[in-house]
Amino acid sequence: MTAAGRRVPVGRIVGLYGVQGWVKIESWTEPRTKIFDYHPWLLTTAPDVVKEIAGAKGRPQGKGLVACLPGVDDRDTAAALVGSDIHVAREQLPPPGKDEYYWVDLEGLEVVTTEGAALGRVSHLFATGANDVVVVRDGERERLIPFIQGSYVRSVDLSGGCMVVDWDPEF
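These figures come from a predicted structure and were not determined experimentally.

Turning our attention to the overall build of the protein chain. Along the backbone of the protein chain there are two helices and 13 strands. Along the three orthogonal principal directions, the C-alpha set of the protein chain runs to about 60 × 30 × 25 Å. Looking at the 171 residues of the protein chain, the share that counts as buried comes to 34%. Of the contacts formed within the protein chain by residues at least 6 apart in sequence, a portion of 49% connects residues at least 24 apart. Approximately 9,600 Å² of the protein chain is accessible, and the part contributed by carbon and sulfur atoms is 51%. Of the charged side chains in the protein chain, 18 are positive and 24 negative, and the gap between their average positions amounts to 7 Å.

Next up, the structure:
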């Protein structure tokens with residue numbers, strides 16, 4: 001799947017707010033209210049069930065965010081959506097800055113060492129307190145490589161589908 005056809009997670013429905021179908025959401029955008037600028041939302045309500053919601057509106061409420069979703073007018077309908085992940089199409093996001101990448105664009109890249117040894121493909125990334133970590137799998141093993149550009153990640157070629165890392169293949 002190309003990056004242009006991918007969905008990017010931007011938040012999650014975490015609870016109910018009131019009796020008129022409003023929901024509490026957790027936003028992973030910066031700033032967190034930016035989530036309301038993206039339309040439509042693609043709600044993943046089950047592993048293979050995606051519901052498109054166009055025109056979601058919301059606001060900060062206390063320490064969180066609340067949203068009103070078109071077609072969701074009562075608490076019972078809203079309750080069925082709690083736990084749903086909120087995705088948007090990758091092409092809706094602004095272009096990343098120089099030497100910045102969306103994780104979804106890195107997933108699937110072939111990873112090779114500076115000496116040319118193939119390590120596998122980027123499975124996914126996750127954040128730690130200090131830095132992001134690239135999970136590289138080759139079918140037999142999994143490697144966790146810090147995503148620190150210049151130190152461990154030497155280059156990223158999105159169009160060529162390759163990431164070059166300074167990493168010991170035995171580690």
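Looking now at the sheet that holds strand E2 (residues 22-27). Judged by pairing direction, the sheet is antiparallel, and its seven strands sit side by side in the order E4-E3-E7-E1-E2-E6-E5 without closing on themselves. The open sheet has two edge strands with one neighbour each: strand E4 (49-53) and strand E5 (57-61). The average angle at which neighbouring strand axes cross in this sheet is 35°, direction not considered. The pairing of strand E1 (residues 7-17) with E2 spans six bridges and is antiparallel. If you follow Leu16 over to E2, its bridge partner there is Val23.

Basis of the calculations
- Residues numbered from 1 in each chain as written.
- Predicted model: local features only at pLDDT ≥ 70, side-chain atom pairs only at ≥ 80, totals over all residues.
- Heavy atoms only, no water.
- Helix = DSSP H or I, 4+ residues; strand = E, 2+ residues; numbered from the N terminus.
- Buried < 20%, exposed > 50% of the residue type's maximum accessible area, 1.4 Å probe, protein only.
- Contact = heavy atoms within 4.5 Å.
- Areas by Shrake-Rupley, 256 points an atom, 1.4 Å probe, with all protein chains shown as cover.
- Lys, Arg positive; Asp, Glu negative; His and termini not counted.
- Charge placed at Lys NZ, Arg CZ, Asp CG, Glu CD.
- Pairing = 2+ DSSP bridges.
- Axes fitted to C-alpha atoms, helices over the stretch in contact; angles between N-to-C directions.

Just distances and angles here, no functional claims.
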